[in-house]
Amino acid sequence: MNYPNPTSVQNFSDSAYSASTADASNDWAIEAINVSHRFGVGRGQRIAFANVNLTVKKGEFISIVGPSGCGKSTLLNLIVGFQRPSTGQIIVDGKRVVGPGADRGMVFQKHCLFPWMSVRANIEFGPRMSGINQSERRKIADEILELVGLRDVAKNATYELSGGMQQRAAIERALANRPKVLLMDEPFSALDAFTRERLQDELISLWTRTNTSILFVTHSVDEAVYLGTRIVAMKAHPGEVILDVQVPRNNDQDRSRESYQKDLQLQSLKEQISISLRTTAFRTA
Ligand SMILES: Nc1ncnc2c1ncn2[C@@H]1O[C@H](COP(=O)(O)OP(=O)(O)OP(=O)(O)O)[C@@H](O)[C@H]1O
Ligand SMILES: [Mg+2]
């Protein structure tokens, strides 16, 4: 079956990088160029992944899918700047990443909210650390509380919220710095199926309204295809990108679950991705 713009990983040629890095206007939100990462030294050394090349356009929603240990979290940690890559470089919005910054927001599998603070105080925390004054902080928090629909619980402590609400608050907190890039590491995997679907839909709506570039890690191929405009699949041992494909959505305006389920091309893409993941898993096991 032919998908529009299928991009094999080999398509990320050297010329693509030089074109992107040479372009001063910079359409790229993220460029990971020949990035490899190792943990440990000597005999205990472990290669997390090798030669990852990934370019993310501004406003793209990339789903990263792959088995446990293929390096998904490590890749996000490098992009957010918690660690430096062993080789290669990561560029966000034209600037080389050398550490964490407010231009990149991160949402983890388990929310990392400050439990003693209210939802509002959690949201205002980032802007406060950036030196933004109180009235501006309140304005930012108001906007985001409205956007994510947590206005009613703004004054509650975060431990008083349900798991789904806590994850929404974590997304809010990440958005409060108005990041250029939102990195999400299995943010919905600990939620029940019903809440997960609701948050998936809320995320699509949020992304549509803010046009933030999103890198979303998941184990679920279904979630990856439902959410993403592009899918990057990885294999493990060592981690490598095995597939990088555009999601052939017939109608970008209609992101309803019904039309997704009825779209045979998307269902077939899901099957293809699952087969690729299974095949490489068996080959390397
Ligand atoms: N701090 C660390 N020290 C040593 N090895 C590590 C460290 N963090 C990750 N690794 C190794 O790097 C590889 C990639 O790990 P990573 O956590 O990025 O995988 P993942 O794809 O996110 O897996 P999962 O789906 O289970 O979250 C694994 O082999 C892991 O054991
Ligand atoms: Mg992980």
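1. Some thoughts on the overall build of the protein chain
- Looking only at helices and strands, the protein chain has 9 helices and 11 strands in total.
- The proportion of buried residues among the 285 residues of the protein chain is 40%.
- A separation of at least 24 residues holds for 72% of the contacts in the protein chain among residues at least 6 apart in sequence.

2. Things to note about the site of ligand 1
- With respect to spatial proximity, the complete set of residues near ligand 1 consists of Phe39, Gly40, Arg46, Ala48, Gly66, Ser68, Gly69, Cys70, Gly71, Lys72, Ser73 and Thr74.
- Of all the secondary-structure elements, those providing two or more residues to the shell around ligand 1 are strand S3 (46-57) and helix H2 (72-80).
- Top contributing element to the shell around ligand 1 by residue count: H2, with 3 residues.

3. Observations concerning the nonpolar core
- Membership of the largest hydrophobic core comes to 73 residues, with the highest contact counts inside it found for Ile79, Leu183, Leu215, Phe216 and Ile231.
- Both domains that meet at this core, namely domain 1 (6-103 + 179-284) and domain 2 (115-178), each give it at least three residues.
- In this structure Phe216 touches Phe61, Ile62, Ser63, Ile64, Met184, Leu227 and Gly228, once residues within four positions along its chain are discounted.

4. Thoughts on the pairing of strand S2 (residues 28-39)
- Here S2 runs beside S3; their pairing, made up of 8 bridges, is antiparallel. Opposite Ala32, over in S3, you have Leu54 as the bridge partner.
- The turn joining S2 and S3, which pair antiparallel and follow one another in sequence, is formed by 6 residues; a positive phi near 75 degrees is taken by Gly40.

5. A look at the sheet that holds S3
- With antiparallel pairing, 4 strands are arranged side by side in an open sheet as S3-S2-S5-S6. The sheet is open, and its two borders are formed by S3 and strand S6 (95-96), each paired with just one other strand.

6. Some remarks on the environment of Glu143
- Residue position: Glu143 is located in helix H4 (residues 134-148).
- Along the chain, Glu143 and Ala176 lie 33 residues apart, while their C-alpha atoms are 9.1 Å from each other.

7. Details of H2
- Counting buried residues in H2 gives 7 out of 9 residues, a clear majority hidden from the surface.
- Lys72, Thr74, Leu75, Leu76, Leu78, Ile79 and Val80 are the residues of H2 that are buried.
- Where H2 ends, the next residue or the one after it, Gly81, has phi of about 95 degrees, a positive value.

8. With respect to the packing of helix H3 (residues 119-129) against H4
- Where H3 meets H4, the axes come as close as 9 Å, and the angle between the chain directions of the two elements is 130 degrees. Taken together, the axes of H3 and H4 lie oblique to each other. Our pair here, H3 against H4, has a crossing hand that is right-handed. Between H3 and H4, the residues in contact are Arg120, Ile123, Glu124, Pro127 and Arg128 and Arg137, Ile140, Ala141 and Ile144, respectively.
- The residue makeup of the contact of H3 with H4, split by class, is 5 nonpolar, no polar and 4 charged.

9. Describing the pairing of strand S5 (residues 87-92)
- Examined bridge by bridge, S2 and S5 share 5 bridges and lie antiparallel to one another. Bridging from a neighbouring strand, Ser36 pairs with Thr87 of S5.
- Where S5 and S6 come together, 2 bridges link them in antiparallel fashion. By the bridge assignment for S6, Ile91 is matched with Arg96.
- Hairpin geometry of S5 and S6 is characterised by an intervening segment of 2 residues between the two adjacent antiparallel strands and by a positive phi of about 50 degrees at Asp93.

Calculation rules
Residues numbered from 1 in each chain as written. Chains lettered and ligands numbered in written order. Predicted model: local features only at pLDDT ≥ 70, side-chain atom pairs only at ≥ 80, totals over all residues. Helix = DSSP H or I, 4+ residues; strand = E, 2+ residues; numbered from the N terminus. Buried ≥ 20, exposed ≤ 12 C-beta atoms within 10 Å, placed from the backbone. Contact = placed C-beta atoms within 7 Å. Near = placed C-beta within 6 Å. Core = buried A, V, L, I, M, F, W, Y, C linked by C-beta atoms within 7 Å. Domains from an automatic or database assignment. Pairing = 2+ DSSP bridges. Axes fitted to C-alpha atoms, helices over the stretch in contact; angles between N-to-C directions. Parallel < 35°, antiparallel > 145°, perpendicular 65-115°, else oblique. Left-handed = near helix turned anticlockwise from the far one by under 90°. Nonpolar A, V, L, I, M, F, W, Y, C, P; charged D, E, K, R; others polar.

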